[in-house]
Amino acid sequence: MQKIVETDIAIVGGGISGLWLLNRLRQLGYSTILLESATLGGGQTNKSQGIIHGGMKYALQGKLTSASQSISDMPTVWKACLAGHGEIDLHHVPVLSEHQYLWSTGKLAGKLTGFFANVALQGRVAELKPNAYPDVFKDPQFKGLVYSLDEMAVDVNVLVRELVKPHQDVIFKIGALSEDSLHLDETGRLIALEVQTASGEAIQIKTQKTIFTAGAGNEMVLKKLNSKTVAMQRRPLHMVVVKSDFSYPVFAHCFGMGATPRITITTHIAADGKTVWYLGGQIAEEGVKLDSPSQIAIAKKELTALFPWLDFSASHFASFMIDRAESAQPGGKRPDSSEFKEIENMIVAWPTKLALAPKLADDILACLQKTATKKGMCDIRALRAFPMPAFAKPIWDELL
Ligand SMILES: Cc1cc2nc3c(=O)[nH]c(=O)nc-3n(C[C@H](O)[C@H](O)[C@H](O)COP(=O)(O)OP(=O)(O)OC[C@H]3O[C@@H](n4cnc5c(N)ncnc54)[C@H](O)[C@@H]3O)c2cc1C
């Protein structure tokens, strides 16, 4: 006889969005399981720079866009969680930097001042006196300006572990799901999700709602559902990691001429204790057509131009490509906020930003309440044959 699992909700995908949602749903009493086919956090989540954006990065053209408005509450939500009195207790998660900084090169300092003169932006940024600059900008060769933004950076690898910690009993490593794993009835409703044990035994998972937070893996689901109402887009990045012997922590966007920062740097400590600078921003967007040696050459040139007082000749560089997976937008633009779509008894969701995971969870919870999802179905004994997935390694420790 085929084994059946019953649970109120199954989440597919163990990145930030699935894990945040798992915490919220279980707090509210929904019996919930999470299925992951690879490693926890190993999709986009552990490639993220961990910046809890408040939207300033999106306001670089001098006005608050709808993208920056929708994300502006997120630092407050996260701060409460990180202080231990928010919707999820994250007080063990290290805050790597209380602020993300914004700096200009000497040439653009005037433009930056003009930018912050915009009334709408005042109060969200603070111009720093040189003695308050982060150490890396205290060199006499630095001729620009530095502002501090109300955006912190968190340790994403610890974050993933903390979100998993209370829920290890309901997180299972399954084989990769395929379109055949989704059993639909003739109206397109999901009857069961089929997973197989290592010995090839099929198990049917029956739920009231199945929520796909599988990042780029959501594409397979949309294909199976043949949905006309929602599609996914990928926006690639070519990120660079740099490991050096010097230990300047830098959490900063460099103000360039465009709408995206010229470069965004966050700092992390590798397993060998050395300092890693992780480079995103315009350099990562424009580098997607380059191979790794060419992207690394550009990164070296850019760092040397921006920090002429530092010597990168002994630093180790690596680069990798990664797609941001999001709900499709006209012209492939960045979505303004997190997005989800309810299709029959399924939900397909993308947070768009790590910072927006709490908003995405709130929106999905509101949707479940509207559709009167009940609490109480629970028989997950057949899943005990599945182990818990491993945690993904920090990307710099994988590459360097
Ligand atoms: C380079 C980079 C830097 C970023 N920096 C920031 C930042 O600083 N701040 C910020 O707010 N946002 C940032 N983002 C965006 C943020 O990382 C993503 O929006 C967020 O991590 C997406 O989380 P997710 O849980 O939806 O997807 P993912 O993290 O991709 O997780 C999806 C999970 O689903 C699993 N999966 C896939 N298919 C299946 C399947 N068939 N069955 C079971 N499991 C499956 C995957 O293995 C993976 O673990 C960044 C993104 C990138 C790429």
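Along each chain, residues carry numbers from 1 onward, in the same order as the chain's sequence is written. In keeping with the predicted nature of the model, local features appear solely for residues at pLDDT of at least 70, side-chain atom pairs appear and are counted solely at 80 or more, and the whole-chain, interface and lining totals rest on all residues.

**Observations regarding the overall build of the protein**
When you go through the protein residue by residue, the secondary structure sums to ten helices and 20 strands. Here the radius of gyration uses the C-alpha set of atoms, whereas the globule reference equals 2.2 Å times the residue count to the power 0.38. Against the 2.2 N^0.38 benchmark of 21 Å for 400 residues, the protein shows a C-alpha radius of gyration of 22 Å, consistent with a compact globule. Considered along the principal axes of its C-alpha atoms, the protein spans approximately 75 × 45 × 40 Å. Remark: C-beta atoms are placed from the backbone, and a residue is labelled buried if 20 or more other C-beta atoms sit within 10 Å of its own, exposed if 12 or fewer do, or partly exposed between those counts. Residues counted as buried form 45% of the 400 residues belonging to the protein. A fraction of 71% describes how many contacts in the protein between residues 6 or more apart in sequence connect residues 24 or more apart. Only DSSP runs of H or I with at least four residues qualify as helices, and only runs of E with at least two residues qualify as strands; both kinds are numbered from the N terminus onward. In this description, a residue-residue contact is defined by the distance between C-beta atoms placed from the backbone, which must lie within 7 Å.

**Here we look at the pairing of strand 14 (residues 252-255)**
Burial along strand 14 is two-sided: the face carrying Ala 252 and Cys 254 and the face carrying His 253 and Phe 255 are both buried. For two strands to be treated as a pair, DSSP must find no fewer than two bridges joining them. As paired elements, strand 5 (residues 100-104) and strand 14 share four bridges and run parallel to each other. Bridging from a neighbouring strand, Ser 104 pairs with Phe 255 of strand 14. Here strand 14 pairs with strand 15 (residues 263-269) via three bridges, running antiparallel.

**Observations concerning the site of the ligand**
Around the ligand sit 39 residues, and of these Gly 13, Gly 15, Gly 43, Gly 215 and Gly 217 come closest. Put simply, the parts of the chain that give the shell around the ligand at least two residues each are helix 1 (16-27), strand 2 (32-36), strand 13 (232-244) and strand 17 (316-327). The element that contributes the greatest number of residues to the shell around the ligand is helix 1, accounting for three residues. Here the residues of the shell around the ligand sort into 16 nonpolar, 19 polar and four charged. Here the bounds of each domain stem from an automatic or database domain assignment. Lining the shell around the ligand are residues from two domains, each supplying at least three of them: domain 1 (3-45 + 159-231 + 329-393) and domain 2 (97-154 + 234-325). The rule is simple: place the C-beta atom from the backbone, and if it lies within 6 Å of a molecule or strand, the residue is near it. Three classes are used, and their members are as follows: Ala, Val, Leu, Ile, Met, Phe, Trp, Tyr, Cys and Pro are nonpolar, Asp, Glu, Lys and Arg are charged, and the others, Gly among them, are polar.

**Things to note about the domain arrangement of the protein**
Segmentation of the protein into domains returns domain 1 (3-45 + 159-231 + 329-393) and domain 2 (97-154 + 234-325). Placing the centre of domain 1 and that of domain 2 at their C-alpha centroids yields a distance of 34 Å. Counting from both sides, the interface comprises eight residues of domain 1 and, opposite them, seven residues of domain 2. Class assignment of the residues belonging to the side of domain 1 that touches domain 2 gives a composition of three nonpolar, four polar and one charged.

**What about helix 9 (residues 357-370)?**
Given 3.6 residues per helical turn, the α-helix brings residues three or four places apart onto the same face. Take the residue count of a helix, subtract one, and multiply by 1.5 Å to get its expected span. With 14 residues, helix 9 should cover 20 Å at 1.5 Å per step; its first-to-last C-alpha distance of 20 Å lies within 8% of that length. For helix 9, every residue scored as buried is listed here: Ala 357, Pro 358, Lys 359, Leu 360, Ala 361, Ile 364 and Leu 368. Contacts made by the buried residues of helix 9 are with helix 1, helix 3 (74-82), strand 12 (202-212), strand 18 (339-343) and strand 19 (346-350). Ala 372, located one to two residues past helix 9, shows a positive phi value of around 50°.

**A word on unusual backbone geometry**
Glycine aside, negative phi is the norm for most residues, and most peptide bonds take the trans geometry. With a phi close to 50°, Asn 226 is a non-glycine residue in the positive phi region. Relative to the helices and strands, Asn 226 resides in the loop between helix 6 (218-225) and strand 13.

**Things to note about helix 8 (residues 292-306)**
If you check helix 8, its first and last C-alpha atoms are 21 Å apart, about what 15 residues at 1.5 Å a residue would give, namely 21 Å. Those residues of helix 8 that sit buried are Gln 295, Ala 299 and Leu 303. Buried residues along helix 8 cover an arc of 70° about the axis, so they all sit on one side. Exposed and oriented more than 90 degrees from the buried face of helix 8 are Pro 293, Ala 297, Lys 301 and Ala 305. Relevant arc is that of directions from the helix axis to the C-beta atoms, nothing else.

**What to know about the pairing of strand 11 (residues 190-196)**
Of the strand pairs in this sheet, strand 10 (residues 182-184) and strand 11 are connected by three bridges, and their pairing is antiparallel. Pairing of His 183 across the sheet is with Ala 192, part of strand 11. Between strand 10 and strand 11, which pair antiparallel in sequence order, lie five residues; one of them, Gly 188, sits at a positive phi of approximately 95°. Here four bridges tie strand 11 to strand 12, and the two strands are oriented antiparallel to one another. For Leu 193, the partnering residue across the bridge sits in strand 12 and is Ile 205. Hairpin connection between strand 11 and strand 12: a loop of five residues separates the two successive antiparallel strands, and Gly 200 in this loop has a positive phi of roughly 90°.

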